[in-house]
Amino acid sequence: MNWSLLFSSSIGKKIVMALTGIFLVVFLVVHCYVNANIFFANAEENFNRAAHFMGSNLLVRITEIGLFAGFILHIVQGYKLELQNRGSRKTRYAVTAGNKTSKWYSRSMAILGTLILLFLIIHLAHFWVPSRFGGLEEVYYGDKKFHNLYLEMKNIFAEPWVVIVYLLGCFSLSWHLLHGVQSAAQTLGWTNKNFFPMIKTIGIVFSILVPLIFALMPLAMYFGLQLDLENITLLF
Amino acid sequence: MQHYSMNLKLKVWRQKNSNDNGHFENYDVNNISSEMSFLEMIDVLNERLISEGSDSIAFDHDCREGICGMCSMVINGQPHGPWKGTTTCQLHMRAFKDGDQITIEPFRANAFPVVKDLMVNRSAFDRIIQSGGYVSVNTGNAVDGNSLPIEKQHADDAFYAAACIGCGACVAACKNASAMLFVSAKVSHLALLPQGEPERKQRVVSMVAQMDKEGFGSCTNTYACEAECPKEISVLNIARLNREYLNANLSGN
Ligand code: HEM
Ligand code: SF4
Ligand code: FES
């Protein structure tokens, strides 16, 4: 394989976009699952334990490096493609007949991506930076010490504007994925006629459901809502 | 079908040569028959312009029967005009009604520079074909049907892909001025047939490299190409192109 083609050729860049995009989608599932602890009873301890696992497990930490690399590749290739595509028609049409074949969000992937990127910076500053570089309160369960990330979440989501920023982030993500998931399948050529409609459906359900669950998190924290089910612990 | 005649207001892109900035010019054309083709309507206007001593509107055309792919222009924002699966030469004036305003522009893409008025230089497509759109085996004369067995699905898909006439409407329609529908049709056509097998890997790599070199954008899967293609080439060919490209690069030679 001539690896440089993956970064220099048009289809190569598209394939990198699709593969990193799918990798990020898998990350979303894990992230969503871990965080969903906050919806259930005994949220503080369950969530803090889960977060501790994610922060201390060697395999997870190694994957985290891959995650950062994936984000950076996806963002860099995404902007490169966008710039090339925008530059490929210097003289614009006087009349355009509308875009019947695509939705606005499919044509706005870079703008939605930029919104996600802005959100991501705020989000990392809120949670990732203090949990890696200190600044979180500590709490004991048994005789083991844990970071109280749950408390941090509670404090951060006490601000209405933060809640609104997070909701906007979730909307951007949802629209980005509504195009992204099926687009990645087309880019990788996974268009078998039985398989492709299924991917499209899964893509739509995923793009609505996962950002919705994420959106419920700041809302649940802000309004202090919790499901009074049996003691559900996700992950452990 | 009822025959009628109409008066139209045209707004046409005029550009002396590739260095000229170009501008729109307005023309009234009267008494146009609903049974004329769109190109015949421009012929009528051109005859008048010539008799008035002014420069006629330059546009590409050749077969005028929907098979050569020359008649490039964008009509009211649509390459080849409002009818689905139709070239400009096969578009008839019954698609319009009396009093309509029609804006006519050349295909727009950096890779298709305007030569004059509505004519653009599409030799970028020729160079893409030269880079790999051929077979090296001697296929001889037309052979008896079924002497070379080909799976029905492959034969059908290759046939539909081969219908591409290289007109460039896909590029003109795409928000990224991407040529991937054209390239995917050419790659699919040969990749699906045994005659195309010897150059299968090298072909897709070379054609994509040439496509990139010509300055076309890349596909973001918004599918305007498929909707405007006069031969209704399917975007599933683009998925096949991606697959062929990945396979060729992963396995190498
Ligand atoms: C951080 C900022 C981000 C930027 C700037 C960005 C930008 C882009 C761009 C420009 C595309 C190409 C669109 C196209 O080909 O039509 C794209 C595609 C995609 N993105 Fe993102 N994105 C970002 C974040 C994300 C995230 C967080 C995810 C998932 C969790 C994601 C998943 C995808 C997927 C699955 C695709 C489809 C790949 C394809 O078209 O083949 N992106 N992104
Ligand atoms: S794919 Fe369709 S629109 Fe594109 S060049 Fe071929 S015939 Fe024309
Ligand atoms: S003139 Fe040949 S296709 Fe229109």
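Residues numbered from 1 in each chain as written. Chains lettered and ligands numbered in written order. Predicted model: local features only at pLDDT ≥ 70, side-chain atom pairs only at ≥ 80, totals over all residues. Heavy atoms only, no water.

Caption draft 1: Quick peek at the environment of Thr139(B). All names here are of chain B. For Thr-139, the position within the fold is in the loop between helix H2 (123-132) and helix H3 (152-162). Overall, the relative accessible area of 43% leaves Thr-139 in the partly exposed class. Taking the C-alpha atoms as reference points, Thr-139 and Ser-18, separated by 121 residues in sequence, lie 41 Å from one another. (Helix = DSSP H or I, 4+ residues; strand = E, 2+ residues; numbered from the N terminus. Buried < 20%, exposed > 50% of the residue type's maximum accessible area, 1.4 Å probe, protein only.)

Caption draft 2: Looking closely at the sheet that holds strand E1 (residues 5-14) of chain B. All names here are of chain B. In space, the five strands of this open sheet follow the order E2-E1-E5-E3-E4, with mixed pairing throughout. The open sheet is flanked by strand E2 (23-33) and strand E4 (78-79), the only strands paired with a single partner. Inspection of the sheet shows E1 paired to strand E5 (residues 101-105) by four bridges, in the parallel sense. Bridged to Lys-9 within E5 is Gln-101. (Pairing = 2+ DSSP bridges.)

Caption draft 3: Quick look at the coordination of the iron atom of ligand 1. Residues and elements named next belong to chain A. Around the iron atom of ligand 1, the protein contributes the donor atoms His-74 (NE2) and His-176 (NE2), at 2.0 Å from the metal centre. Note that the iron atom of ligand 1 binds six donor atoms; their angles at the metal cover 87 to 180 degrees, and the shape is octahedral. With His-74 in helix H4 (residues 58-87) and His-176 in helix H7 (residues 160-187), this pair connects stretches of sequence that are 102 residues apart. Owing to a relative accessible area of 14%, His-176 belongs among the buried residues under this scheme. (Donors = N, O, S within 2.8 Å, 3.2 Å for Na, K, Ca; no water. Tetrahedral: all angles 85-135°; square planar, octahedral: opposite > 155°, others 65-115°.)

Caption draft 4: Seen up close, the pairing of E1(B). Here E1(B) pairs with E2(B) via nine bridges, running antiparallel. Looking at E2(B), one finds that Arg14(B) is bridged to His23(B).

Caption draft 5: How the structure looks around the domain arrangement of chain B. All names here are of chain B. Domain annotation of chain B identifies domain 1 (5-115) and domain 2 (122-136 + 148-250). If you average the C-alpha positions of domain 1 and of domain 2, the two centres end up 28 Å apart. The partner domain 2 presents 20 residues to the 20 residues of domain 1 that form the contact. Taken over both partners, the interface formed by domain 1 and domain 2 buries close to 1,500 Å², and the fraction arising from carbon and sulfur atoms is 59%. A per-residue breakdown of the area domain 1 buries against domain 2 is headed by Pro-79, Ala-111 and Phe-112, which together make up 35% of the total. In this structure, the connection of domain 1 to domain 2 is made through two salt bridges. Lys-84 is the partner of Glu-232 in a salt bridge, and the nearest nitrogen-oxygen pair spans 3.5 Å. Inspection of the domain 1/domain 2 interface yields five residue pairs in polar contact (both at pLDDT 80 or more). (Domains from an automatic or database assignment. Contact = heavy atoms within 4.5 Å. Buried area = accessible area lost by both parts, 1.4 Å probe. Salt bridge = Lys/Arg side-chain N within 4 Å of Asp/Glu carboxyl O. Polar contact = N/O pair within 3.5 Å; in protein donor to acceptor, adjacent residues only side chain to side chain.)

Caption draft 6: Just the nonpolar core, in detail. The biggest cluster of nonpolar side chains holds 49 residues, and the ones touching the most others in it are Val171(B) and Phe216(B). Among the elements of the structure, helix H1 (4-8) and helix H2 (10-35) of chain A together with H2, helix H4 (169-173), helix H5 (180-191), helix H6 (200-213) and helix H8 (236-251) of chain B are those that each provide at least two residues to this core. Domain assignment of the residues forming this core places at least three in each of domain 1 (5-115) and domain 2 (122-136 + 148-250) of chain B. In this structure, Phe216(B) is in contact with Ser88(A), Ala111(B), Phe112(B), Ala124(B), Phe125(B), Ile128(B), Val171(B), Ala177(B), Ser178(B), Ala179(B) and Met211(B), ignoring residues within four places of it in sequence. (Core = buried A, V, L, I, M, F, W, Y, C linked by side-chain atoms within 4.5 Å.)

Caption draft 7: The confidence of the model for chain B, seen in detail. With 99% of its residues at a pLDDT of at least 70, chain B reaches an overall mean of 95. Interface predicted TM-score (ipTM) for the complex: 0.89; the corresponding pTM is 0.92. (pLDDT = per-residue confidence, 0-100.)

Caption draft 8: Quick look at the interface of chain B and chain A. Each side of the interface is counted separately: chain B has 46 residues, and chain A has 35 residues. Surface buried jointly by chain B and chain A totals about 3,200 Å² across both partners, of which 52% is contributed by carbon and sulfur atoms. Here chain B and chain A share zero salt bridges between them. Our count for the contact surface shared by chain B and chain A stands at 25 residue pairs in polar contact (both at pLDDT 80 or more). Secondary-structure elements contributing two or more residues to the side of chain B that touches chain A are E5, H4, H6, helix H7 (224-228) and H8 of chain B. Here the element with the most residues in the side of chain B that touches chain A is H8(B); it accounts for ten residues.

Caption draft 9: Highlighting the site of ligand 1. Near ligand 1 you find 25 residues, and of these His74(A), Gly113(A), His176(A), Ser183(A) and Thr187(A) are the closest. More than one chain reaches ligand 1: its neighbouring residues belong to chains A and B. His74(A) is positioned with one of its side-chain polar atoms (N or O) 2.8 Å from a nitrogen atom of ligand 1. Listing elements by their share of the shell around ligand 1, those giving two or more residues are H2, H4, helix H5 (109-133) and H7 of chain A. Looking at the shell around ligand 1, its residues break down into 13 nonpolar, eleven polar and one charged. (Near = heavy atom within 4 Å. Nonpolar A, V, L, I, M, F, W, Y, C, P; charged D, E, K, R; others polar.)

Caption draft 10: Broad picture of the pattern of salt bridges. Inspection of every chain in the model, using the stated rule, returns 19 salt bridges over all chains. Here Lys152(B) makes a salt bridge to Asp156(B), at a shortest N to O gap of 3.2 Å. With Lys152(B) and Asp156(B) both in helix H3 and four residues apart, the pair spans about one turn of that helix. A salt bridge links Glu197(B) to Arg200(B); its shortest N-O distance comes to 3.4 Å. In this structure Glu197(B) comes out as partly exposed when scored by relative accessible area, which is 42%. When its relative accessible area of 27% is taken as the criterion, Arg200(B) is described as partly exposed. In the salt-bridge network here, residues are joined through shared partners; they are Arg61(A), Glu64(A) and Arg132(A).

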